[in-house]
Amino acid sequence: MENLNEQDVMQDESSILDAKLQRRSFLQYAGAGAAVVALTAAGCRKDRINTPMTGVTLDFKDDFGVLNYAYALEQLEAAFYIQVASAPPSGFSAAEKAYFQDIQYHEIAHREFFKNALGTAAIGSLSVDFSSINFTDRTSVLGAAMAFEDLGVGAYNGAGVRLKSTTYLLAAGKIVSVEARHAAYIRDLISNGTFATAPQVSSSTGLDMALTPDVVLAAAGKYIKTKINVINL
């Protein structure tokens, strides 16, 4: 098993998380495939390709398990936004289509960051099940997007305490801040002015929610075909 190297992680973070993902540079591409090519050129390693698996194990005894947990969630989000961006609901405005493309590329970058950072320690690619989502309907897509983003933010907040390495904690903090921006935007699309309301943000403390991995995986399981085993939680 290839060991995680903090210096390599920070280099990967610099090349992937700081890659130019703005709409101006990405709208020239026709789909997610081209985005992945662009990210590869920015620093993703070609020799780390995972194939779908019938089952994976998340071992929370160390940072490997926490990072693989985040990788699993980023795979789910990336798959969702790739599907939305490839065929947006007819009810989406031009601005909404553009922003969902932006979010797609952010999620692809997050997914590839964890895949690179974990190397051969990374779990395989998950199989997803989005049969409960009507991708032709704006309301259905926005509702699913809100669920994914709120769950993602809560997951990072709840898992941060499990990370022993400050390097990985810093990287996770940079990613969750982007996920929170996504969540705020989508919540505001659904109901203007609700971007930071309860229960996601506590009215008494001003703090965002934090969810434990068991709660997150139970909620995400609806959309994941691959069986996820959890040990040492």
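Predicted, not measured: the structure shown is a model, and the values here were computed from it.

Draft legend 1. The side chain of E77, seen in detail. Position of E77 among the secondary structure elements: in helix α4 (residues 63-86). Although E77 lies buried, it forms no salt bridge, and the closest oppositely charged side chain, R111, sits 11 Å away as judged by the N-O distance. What E77 contacts, discounting residues up to four positions off in sequence, is E107, F148, E149 and E179.

Draft legend 2. Empty space enclosed by the protein, seen in detail. Throughout the structure, instances matching the rule amount to 3 cavities of 30 Å³ or more. The volume enclosed by the largest cavity comes to roughly 90 Å³. Residue lining of the largest cavity: V66, L67, Y69, A70, L73, F114, A155, Y156, A159, G160, L163 and A172, and that is the complete set. Of all elements in the fold, only α4 and α6 (138-159) reach the threshold of two or more residues within the lining of the largest cavity. Looking at the lining of the largest cavity, the element that brings in the most residues is α4, giving 5 residues. Taken together, the residues that form the lining of the largest cavity break down as 11 nonpolar, 1 polar and no charged.

Draft legend 3. Summary view of the packing of α4 against helix α7 (residues 166-190). It is at 13 Å that the axes of α4 and α7 come closest, and there the two elements cross at 30°. Considering their axes alone, α4 and α7 lie roughly parallel with respect to each other. In this structure, α4 crosses over α7, and the sense of that crossing is left-handed. In contact with D63, L67, E74, E77 and Y81 of α4, α7 contributes Y168, I175, E179 and I186. Grouping the amino acids of the contact of α4 with α7 by side-chain chemistry returns 5 nonpolar, no polar and 4 charged.

Draft legend 4. Highlighting the pairing of strand β1 (residues 55-59). Because side chains alternate across β1, one face comprises the buried residues V56 and L58, and the other comprises G55, T57 and D59, none of which is buried. Pairing of β1 with strand β2 (residues 227-231), which is carried by 5 bridges, proceeds in the parallel orientation. Residue pairing in the sheet places T57 in a bridge with N229 of β2.

Draft legend 5. Inspection of the side chain of E96 at higher detail. Locating E96 in the fold gives a position in helix α5 (residues 94-118). The exposure class of E96 is buried, given its relative accessible area of 8%. Beyond its immediate sequence surroundings of up to four residues, E96 is in contact with G91, R138, Y185 and L189.

Draft legend 6. Quick look at the packing of aromatic side chains. Throughout the structure, instances matching the rule amount to 13 aromatic pairs. Note on F80 and Y81: the rings are 4.9 Å apart at their centroids and 75° apart in plane angle, and the pair reads as edge-to-face. Taken individually, F80 and Y81 each receive the classification buried, so the pair is uniform in this respect. Feature note: the residues F80, Y81, F92, F100, F130, F135, F148 and Y223 constitute an aromatic cluster, connected by ring pairs.

Draft legend 7. Geometry of the pattern of salt bridges. By the definition in use, this model includes 3 salt bridges. Between R138 and E96 there is a salt bridge, and its shortest N-O distance comes to 2.7 Å. Here E96 lies in helix α5 and R138 lies in helix α6, a separation of 42 residues in the sequence. Taking relative accessible area as the criterion, R138 reaches 26% and is therefore assigned partly exposed. Of the charged contacts in the structure, one is a salt bridge between R187 and D150, with a shortest N-O distance of 3.0 Å. Remark: D150 occurs in helix α6 and R187 occurs in helix α7; sequence separation between them is 37 residues. The class of R187 is buried, set by a relative accessible area of 12%. A relative accessible area of 9% places D150 in the buried class.

Draft legend 8. Expanded view of the nonpolar core. Counting 53 residues, the largest nonpolar core has Y69, F80, F100, F114, F130, I133 and F148 as its most contacted members. When residues of this core are traced back to their parent elements, those giving at least two are β1, α4, α5, α6, α7 and α8 (213-220). Per-element tally for this core: the top contributor is α4, with 12 residues. Excluding residues that lie within four positions of it along the chain, F148 makes contacts with L76, E77, F80, F130, I133 and Y223.

Calculation criteria
- Residues numbered from 1 in each chain as written.
- Predicted model: local features only at pLDDT ≥ 70, side-chain atom pairs only at ≥ 80, totals over all residues.
- Heavy atoms only, no water.
- Helix = DSSP H or I, 4+ residues; strand = E, 2+ residues; numbered from the N terminus.
- Buried < 20%, exposed > 50% of the residue type's maximum accessible area, 1.4 Å probe, protein only.
- Lys, Arg positive; Asp, Glu negative; His and termini not counted.
- Salt bridge = Lys/Arg side-chain N within 4 Å of Asp/Glu carboxyl O.
- Contact = heavy atoms within 4.5 Å.
- 1 Å grid on protein atoms, 1.4 Å probe; cavity = no way out; pocket = protein on both sides within 12 Å on 5 of 7 lines; lining within 4 Å.
- Points joined across faces, edges and corners; volume = space filled by probe spheres on them.
- Nonpolar A, V, L, I, M, F, W, Y, C, P; charged D, E, K, R; others polar.
- Axes fitted to C-alpha atoms, helices over the stretch in contact; angles between N-to-C directions.
- Parallel < 35°, antiparallel > 145°, perpendicular 65-115°, else oblique.
- Left-handed = near helix turned anticlockwise from the far one by under 90°.
- Pairing = 2+ DSSP bridges.
- Phe/Tyr/Trp six-rings, centres within 6.5 Å; stacked < 30°, edge-to-face > 60°.
- Core = buried A, V, L, I, M, F, W, Y, C linked by side-chain atoms within 4.5 Å.

All we've got here are geometric facts, nothing functional implied.
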